[in-house]
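Residue strings, one per chain:
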Amino acid sequence: MVSKNFLFYTFGIILYCTSMNQIQTYIAKHKSRFITELIELLKIPSISADPAFKNEVLKTAEAIKTSLQQAGCDHVEICETAGYPVVFGEKIINPSLPTVLVYGHYDVQPPDPIDLWDSPPFEPVVKTTERHPDGAIFARGACDDKGQLYMHVKALEFMTATNQLPCNVKFMIEGEEEVGSANLSTFIKQNHEKLKNDVILISDTGMIANNTPSITTGLRGLSYVEVEVTGPNRDLHSGLYGGAVANPINILTTMIASLHDDSNRITIPGFYNKVEELSKAERAEMAKAPFSIESYKKALDIDDVYGESGYSTNERNSIRPTLDVNGIWGGYTGEGAKTVIPSKAYAKISMRLVPNQDWEEITKLFKTHFENIAPKGVKIKVKPHHGGQGYVTPINSIGYQAASKAYEQTFGKIPIPQRSGGSIPIVSLFEHELKSKTILMGFGLDSDAIHSPNEHFGIWNYLKGIETIPLFYKHFTALSK
Ligand code: BES
Ligand code: MN
Ligand code: MN
């Protein structure tokens, strides 16, 4: 006699398999290969900021090229630029159908401070975390952006392998995003025809939580500057000269402190002139997104949040501009004590901007103000690094609607539109040069520690991305008709 357990078990399997759709079945079958392929990519230290890693960055471009070829692109090439190359790939099935252009970056941030990693940054390991009970891959670039761009490669593999690609697809994967994409604008300006598309799709942002899908509808702009304060022409004995000449570190820190007022507003004249003020209704809509200030504080081990008066935490880090010191140095920082008044002091400062603020104009305002507030006795140099404009996307576009439907199917919930505080400066250039809108379908979590030690990407998120992306193509093609 057949046991009751056996019948239940068999029936369960049949029910499970029939409830899985084709993409889920494909993912279940190829899951371990998808993970090992990503792990191989993560082993290459493609640190664009450090020239010592030049060969590794170039090797990563080659690896991306091979993966695009294997996934089914008909034509893949490595396009030289004045910096690191752009990997371009395409599969054109019918020129009269819409074209999706996927953008991503294969370069990563430096792993410093390396001592704070629990495992080496370029030797990926899988571990579970509170937010990722199914495991997460720990490595530099796991989430930003190798893991997220690779979801698109695997989604293409699925669509070509099962003959389900509903439209044309192009890939443009760059190697200089983490250092400001300085050569990408020239590449875009020179390749309008090659990059021609109906929508740009990027996974290089995050979402609220695994049970709360969201689509990023805004990015902040950025102005990044370095300042140098010079006092005396050489380092001086702090006893012999102390009190009689300007100490560049004392001056620099005083100047920096004056850049915010008591309400934590930025004091640079004209800084807020073009800032878009959101309506009460828009702010009320934003406030509906689930958010717990208590868990936020707990996750960061802080006893209170801090920022501009009159705005909530979620507003402060998305719709409001900011000014932050990213690094400050000068004088003696070695072992023990050395009595010295340094000749120079330095700081790196970033300003996150909101739509309508022009980054070049803000950089000028900063420079003029910083020079103006310097006291006599020091010389000031302001060196602009890089920057870019912010971006907002409407939620009534075909692209947004297609993305929303895709998430609804795979997450079982309508995604929440949410503005992010991060920056991908090239997105506004896409709009100006290629006249296309970008859809930001990010699958990372804020807790994934991008740019930090122990960066990771949830395996659930990785696979969910691969599952959701083909549905975007399907809905976008259908809605374009
Ligand atoms: N992927 C990030 C940007 C991001 C992350 C946006 C999460 C939204 C949510 C990107 O790689 C990045 O780090 N951008 C830099 C700017 C760039 C010019 C160096 C940034 O935001 O600091
Ligand atoms: Mn990124
Ligand atoms: Mn980044």
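Residues numbered from 1 in each chain as written. Chains lettered and ligands numbered in written order. Predicted model: local features only at pLDDT ≥ 70, side-chain atom pairs only at ≥ 80, totals over all residues. Heavy atoms only, no water.

J.: Report on the pattern of salt bridges, specifying residues and quantitative values.
T.: One pass over the structure, following the stated rule, counts 22 salt bridges. Of the charged contacts, one joins Glu-361 and Lys-274 as a salt bridge, the two residues approaching to 2.8 Å between their closest N and O atoms. Placement of Glu-361 in helix H11 (residues 359-373) and of Lys-274 in the loop between helix H7 (248-257) and helix H8 (280-286) is noted, with a sequence separation of 87 residues between them. Linked by salt bridges that have partners in common, Arg-33, Glu-37, Lys-154 and Glu-157 make up one network. (Salt bridge = Lys/Arg side-chain N within 4 Å of Asp/Glu carboxyl O. Helix = DSSP H or I, 4+ residues; strand = E, 2+ residues; numbered from the N terminus.)

J.: Which residues make up the site of ligand 1, and what values do they have?
T.: Glu-177, Asp-204, Arg-352, Ser-423 and His-451 are the nearest of the 17 residues found near ligand 1. Within the backbone of Ser-423, one N or O atom sits 2.9 Å away from a nitrogen atom of ligand 1. Here ligand 1, which alone exposes 520 Å², has 88% of that area covered by the protein. Split by residue class, the shell around ligand 1 holds 5 nonpolar, 7 polar and 5 charged. Structurally, the shell around ligand 1 is a two-domain feature, drawing no fewer than three residues from each of domain 1 (4-219 + 390-479) and domain 2 (221-275 + 321-388). (Near = heavy atom within 4 Å. Polar contact = N/O pair within 3.5 Å; in protein donor to acceptor, adjacent residues only side chain to side chain. Areas by Shrake-Rupley, 256 points an atom, 1.4 Å probe, with all protein chains shown as cover. Nonpolar A, V, L, I, M, F, W, Y, C, P; charged D, E, K, R; others polar. Domains from an automatic or database assignment.)

J.: Before we move on, could you go through unusual backbone geometry and cite the residues and values that matter?
T.: The omega angle of the peptide bond from Asp-112 to Pro-113 is -5°, so this bond is cis rather than trans. For Pro-113, the location among the structural elements is in the loop between strand S3 (99-105) and strand S4 (125-127). Cis geometry is adopted by the peptide bond preceding Asp-145, which originates at Asp-144 and carries an omega value of 0°. At Asn-356, a residue that is not glycine, the phi angle is positive and equals roughly 90°. Tracing the backbone shows Asn-356 in the loop between strand S13 (344-353) and H11. Here Asn-356 falls in the exposed class, since its relative accessible area comes to 54%. Despite not being glycine, His-451 has its phi angle at roughly 65°, a positive value. Turning to its location among the elements, His-451 is positioned in the loop between strand S17 (438-440) and strand S18 (456-458). Judged by its relative accessible area of 40%, His-451 is partly exposed. (Buried < 20%, exposed > 50% of the residue type's maximum accessible area, 1.4 Å probe, protein only.)

J.: Mind laying out the packing of helix H2 (residues 22-42) against helix H4 (residues 146-161), listing which residues take part and the relevant values?
T.: The geometry of H2 relative to H4 is characterised by a closest axis approach of 10 Å and an angle of 140° between their N-to-C directions. Between H2 and H4, the angle falls in the class oblique. Taken as a pair, H2 and H4 cross one another with a handedness that is right-handed. In this structure, H2 contributes Gln-22, Ile-23, Tyr-26, Arg-33, Phe-34, Glu-37, Leu-38, Leu-41 and Leu-42 to the contact, and H4 contributes Lys-146, Gly-147, Tyr-150, Lys-154, Glu-157, Phe-158 and Ala-161. (Axes fitted to C-alpha atoms, helices over the stretch in contact; angles between N-to-C directions. Parallel < 35°, antiparallel > 145°, perpendicular 65-115°, else oblique. Left-handed = near helix turned anticlockwise from the far one by under 90°. Contact = heavy atoms within 4.5 Å.)

J.: Describe the packing of aromatic side chains, listing the residues and the values that go with them.
T.: Here the structure, examined in full by the defined rule, presents 14 aromatic pairs. Measuring from ring centre to ring centre gives 5.4 Å for Tyr-26 and Phe-158, while their planes differ by 65°; the resulting arrangement is edge-to-face. Highlighted residues: Tyr-26 in helix H2 and Phe-158 in helix H4, separated in sequence by 132 residues. For the pair formed by Tyr-26 and Phe-158, the shared burial category is buried. Centre to centre, the rings of Phe-472 and Phe-476 are 5.6 Å apart; their planes meet at 15°, and the pair counts as stacked. Of the two residues, Phe-472 and Phe-476 both sit in helix H14 (residues 459-480), 4 residues apart, roughly one turn of that helix. (Phe/Tyr/Trp six-rings, centres within 6.5 Å; stacked < 30°, edge-to-face > 60°.)

J.: Account for the sheet that holds S4, with residues named and values stated.
T.: With respect to topology, 3 strands assemble into an open sheet ordered S4-S5-S18, the strand pairing being antiparallel. For this open sheet the edge positions go to S4 and S18, each flanked by a neighbour on one side alone. The sheet shows a mean angle of 30° between the axes of neighbouring strands, direction not considered. Here strand S5 (residues 136-138) pairs with S18 via 3 bridges, running antiparallel. By the bridge assignment for S18, Phe-138 is matched with His-456. (Pairing = 2+ DSSP bridges.)

J.: Now, about the coordination of the manganese ion (ligand 3): what can you tell me, with residues and values included?
T.: The coordination sphere of the manganese ion (ligand 3) contains the protein donors Asp-144 (OD), Glu-178 (OE), Glu-178 (OE) and His-451 (NE2), at a distance range of 2.1 to 2.5 Å. Taken together, the 6 donor atoms coordinating the manganese ion (ligand 3) span angles of 56 to 154° at the metal, a pattern that classifies the geometry as irregular. Written as a sequence motif, the donor arrangement for the manganese ion (ligand 3) is D-x33-E-x272-H. The two metals, the manganese ion (ligand 3) and the manganese ion (ligand 2), are separated by 3.6 Å and share Asp-144 as a common coordinating residue. Highlighted residues: Glu-178 in the loop between strand S6 (168-174) and helix H5 (184-190) and His-451 in the loop between S17 and S18, separated in sequence by 273 residues. Note on Glu-178: relative accessible area 14%, which makes it buried. (Donors = N, O, S within 2.8 Å, 3.2 Å for Na, K, Ca; no water. Tetrahedral: all angles 85-135°; square planar, octahedral: opposite > 155°, others 65-115°.)

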